[in-house]
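# Per-entry structural report
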Amino acid sequence: MAAGDSELVRQTLKGDKRAFGVLIQRHQDAVFALVSRLIRNPGDVQDVAQDAFIRAYRALPTFRGDAQFGTWLYRIVWNTCLDRREQHARVQEREVQIAPEEEDCNGIDGFADEETPLPDAAFEADDVRQGLEACLSRLPVHYRAVLTLYYFEQKSYEEIAMVLDQPMNTIKVHLFRAKSHLKKALLAERSSEEWTA
Amino acid sequence: MTCTDFRLLAERRAAGFPLKARQEKALERHLAECSTCAAVARFEHNLAAAVREFPAVTPPADFADMVLAQLPDPVAVPEPSLREYWWNLTLGVLAAGAASWALWQKAPSWIPWLTGEKERTQIADILFNAYMSMGEVSLPTMSVVFLALIGLTAWGASALVAGER
């Protein structure tokens, strides 16, 4: 039977680097998938993933096993991505402008807010997926992170809060707003297509 | 269930979280009746698919080796010092002793098994019998000695585990 992540961490801490190699192989696909969705330049993805694993190795003695190793690792990946973004801060990014975030997040629960405008019939079409992909890449990084962790990594609100080091209500708000922005962006894109057609 | 509940279920289903058969059935029934929620569910489905199918870089075959080659020397786990063990042990015993003494003196009403003769549980009886058999030694003293023994055992065990590492 394959050793669990905790056992591999224990072996690594005893000085067995190969055990960490197994951990890398086990999590590298998920880390690359996450970084690819957070970093806009595909050329940077491998660098960031590599950096994140090296940071994780250095921080391994602080891993207490309270959370799953994957969740703990994602937090390091997230921080590595943020650091990389700061390094590239001078590069102008075409991010969607977002209103200042409200601290009071009560009453917002995912997509379920009654105030949310309901989707237009246009959002039902299958070809909407391509448009969504394009809009996703233009979303601010926090929103992309929440969407990726929820829809791709299937992390719960609680786990996402742990990874991104933010309150759970903020995560719900980010998810809600990310969807609202995607809908708006899609609408804008469709209007522009109709205009230019 | 309201439309809000069904939309949350649709969101969870689109994200890949399994629903109970009962929830799945109710959701399907509702989506067949409510076109607005059906549109939300469709959007959720498309969004989840777009996130999953977002083009991602795949790691090269030798990625793990590349990382391993860059790792520093094995990470050192800081071993707790003997002094630290004794300090923690002393604090633990003092705290446990004080807590036992306070409990015995006050026997607060929210601990039913310490409040009356009839309500004493087996644990309380054991402590009481031990106290009777020890004659002159007071219960607080006995509790401290008892807890000190537990503490010493725990310390010995942790020292053994640390030795293994």
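Every value quoted in this text rests on a predicted model; they were computed, and no experiment measured them.

The next thing to look at is the overall build of chain A. Along the backbone of chain A there are eight helices and zero strands. The helix and strand sequence of chain A, counted from the amino end, reads α-α-α-α-α-α-α-α. Here chain A holds 197 residues, and 47% of them are scored as buried. Summarising the internal contacts of chain A: among those between residues at least 6 apart in sequence, 72% fall at separations of at least 24. Counting only carbon and sulfur atoms, one obtains 47% of the accessible surface of chain A, whose full area is about 10,000 Å².

What follows deals with helix 2 (residues 17-38) of chain A. Side chains that are three or four residues apart share a direction in an α-helix, a result of its 3.6 residues per turn. Where helix 2 of chain A bends most, at His27(A), the angle is about 50 degrees. Of the residues that open helix 2 of chain A, the one with a side-chain oxygen 3.0 Å from the backbone nitrogen of Arg18(A) is Asp16(A).

On to the packing of helix 2 (residues 21-33) of chain B against helix 3 (residues 35-52) of chain B. Residues and elements named next belong to chain B. It is at 6 Å that the axes of helix 2 and helix 3 come closest, and there the two elements cross at 115 degrees. For the element pair helix 2 and helix 3, the recorded crossing hand is left-handed. Of the residues in helix 3, those in contact with His-30, Leu-31 and Glu-33 of helix 2 are Ser-35, Cys-37, Ala-38 and Ala-41. Residue classes in the contact of helix 2 with helix 3 are distributed as four nonpolar, two polar and one charged.

Turning our attention to the interface of chain A and chain B. On the side of chain B, 44 residues touch chain A, which itself brings 55 residues to the contact. A combined buried area of about 4,700 Å² lies between chain A and chain B, and 67% of that area is made up of carbon and sulfur atoms. Across the chain A-chain B interface, the total number found is two salt bridges. Across the pair Glu11(B) and Lys179(A) runs a salt bridge, and its minimum N-O distance is 2.8 Å. For the pair chain A and chain B, the number of links is 13 residue pairs in polar contact (both at pLDDT 80 or more).

Among all residues save glycine, negative phi is the norm, and among peptide bonds the norm is trans. All names here are of chain A. Even without being a glycine, Gln-154 presents a positive backbone phi close to 55 degrees. The topology assignment puts Gln-154 in the loop between helix 6 (141-152) and helix 7 (157-164). Gln-154 sits in the partly exposed class, given a relative accessible area of 36%. Its identity is not glycine, yet Asp-165 carries a phi of approximately 55 degrees, on the positive side. Along the chain, Asp-165 falls in the loop between helix 7 and helix 8 (168-196). A residue is classified by how much of its surface remains accessible, and Asp-165, at 54% relative accessible area, is exposed.

So, about the confidence of the model for chain A. Overall, the prediction assigns chain A a mean pLDDT of 78, with 74% of residues at 70 or greater. The model gives residues 99-119 of chain A a pLDDT under 50, and that stretch makes 40 contacts with residues more than four places away or in other chains.

Before going further, it helps to spend a moment on the nonpolar core. The tendency in soluble globular proteins is for nonpolar side chains to be buried side by side. Residues Phe20(A), Leu147(A), Tyr151(A), Leu164(A) and Leu182(A) are the most contacted members of the largest nonpolar core, which totals 68 residues. In terms of residues, this core owes the most to one element, helix 2 of chain A, which gives nine residues. Counting 10 residues, the second-largest nonpolar core is a separate cluster that includes Leu9(B), Ala10(B), Leu27(B) and Ala41(B).

Applying the stated criterion to the full structure yields nine aromatic pairs over all chains. Judged by centre distance (4.9 Å) and plane angle (90 degrees), the ring pair of Phe32(A) and Phe63(B) falls under edge-to-face. Taken together, the residues Phe32(A) in helix 2 and Phe63(B) in helix 4 (residues 63-70) connect one chain to another. There is no split in this pair, since Phe32(A) and Phe63(B) are both buried. Over the aromatic face of Phe17(B) sits the side chain of Arg12(B), whose NZ or CZ is 4.4 Å from the ring centroid.

On average, residues of chain B carry a pLDDT of 75, and 64% of them reach 70 or more. Ranking the helices and strands of chain B by mean pLDDT puts helix 2 of chain B first, with 92, and helix 6 (residues 122-133) of chain B last, with 60.

Next up on the list: a nonpolar patch on the surface. All names here are of chain B. A surface patch of nonpolar side chains, amounting to about 380 Å² of accessible area, comprises Trp-86, Val-145, Leu-149 and Leu-152. Per-element accounting of the nonpolar patch gives the leading share, three residues, to helix 7 (residues 139-164). Tracing the backbone shows Leu-149 in helix 7. On the accessibility criterion, Leu-149 (51% relative accessible area) is exposed.

Residue and element names in this part refer to chain A. Following the sequence through the fold, Asp-44 ends up in helix 3 (residues 42-59). Among the residues examined, Asp-44 registers a relative accessible area of 11% and is labelled buried. Residue contacts for Asp-44: discarding those within four places in its chain leaves Ile-39, Arg-84 and His-88.

All names here are of chain B. Per the counting criterion, the structure on display carries zero disulfides over all chains. With no disulfide of its own, Cys-34 lies closest to Cys-37 among cysteine sulfurs, the gap being 3.6 Å. Overall, Cys-34 belongs to the buried group, its relative accessible area being 14%.

Here is what the cut-offs are and how they apply
- Residues numbered from 1 in each chain as written.
- Chains lettered and ligands numbered in written order.
- Predicted model: local features only at pLDDT ≥ 70, side-chain atom pairs only at ≥ 80, totals over all residues.
- Heavy atoms only, no water.
- Helix = DSSP H or I, 4+ residues; strand = E, 2+ residues; numbered from the N terminus.
- Buried < 20%, exposed > 50% of the residue type's maximum accessible area, 1.4 Å probe, protein only.
- Contact = heavy atoms within 4.5 Å.
- Areas by Shrake-Rupley, 256 points an atom, 1.4 Å probe, with all protein chains shown as cover.
- Bend = angle between axes of the 7 residues up to and from the residue.
- Polar contact = N/O pair within 3.5 Å; in protein donor to acceptor, adjacent residues only side chain to side chain.
- Axes fitted to C-alpha atoms, helices over the stretch in contact; angles between N-to-C directions.
- Left-handed = near helix turned anticlockwise from the far one by under 90°.
- Nonpolar A, V, L, I, M, F, W, Y, C, P; charged D, E, K, R; others polar.
- Buried area = accessible area lost by both parts, 1.4 Å probe.
- Salt bridge = Lys/Arg side-chain N within 4 Å of Asp/Glu carboxyl O.
- pLDDT = per-residue confidence, 0-100.
- Core = buried A, V, L, I, M, F, W, Y, C linked by side-chain atoms within 4.5 Å.
- Phe/Tyr/Trp six-rings, centres within 6.5 Å; stacked < 30°, edge-to-face > 60°.
- Lys NZ or Arg CZ within 6 Å of the ring centre and 35° of its normal.
- Patch = residues over 30% accessible without salt bridge, like charges linked within 9 Å, V, L, I, M, F, W, Y side chains within 5 Å.
- Disulfide = S-S within 2.5 Å.

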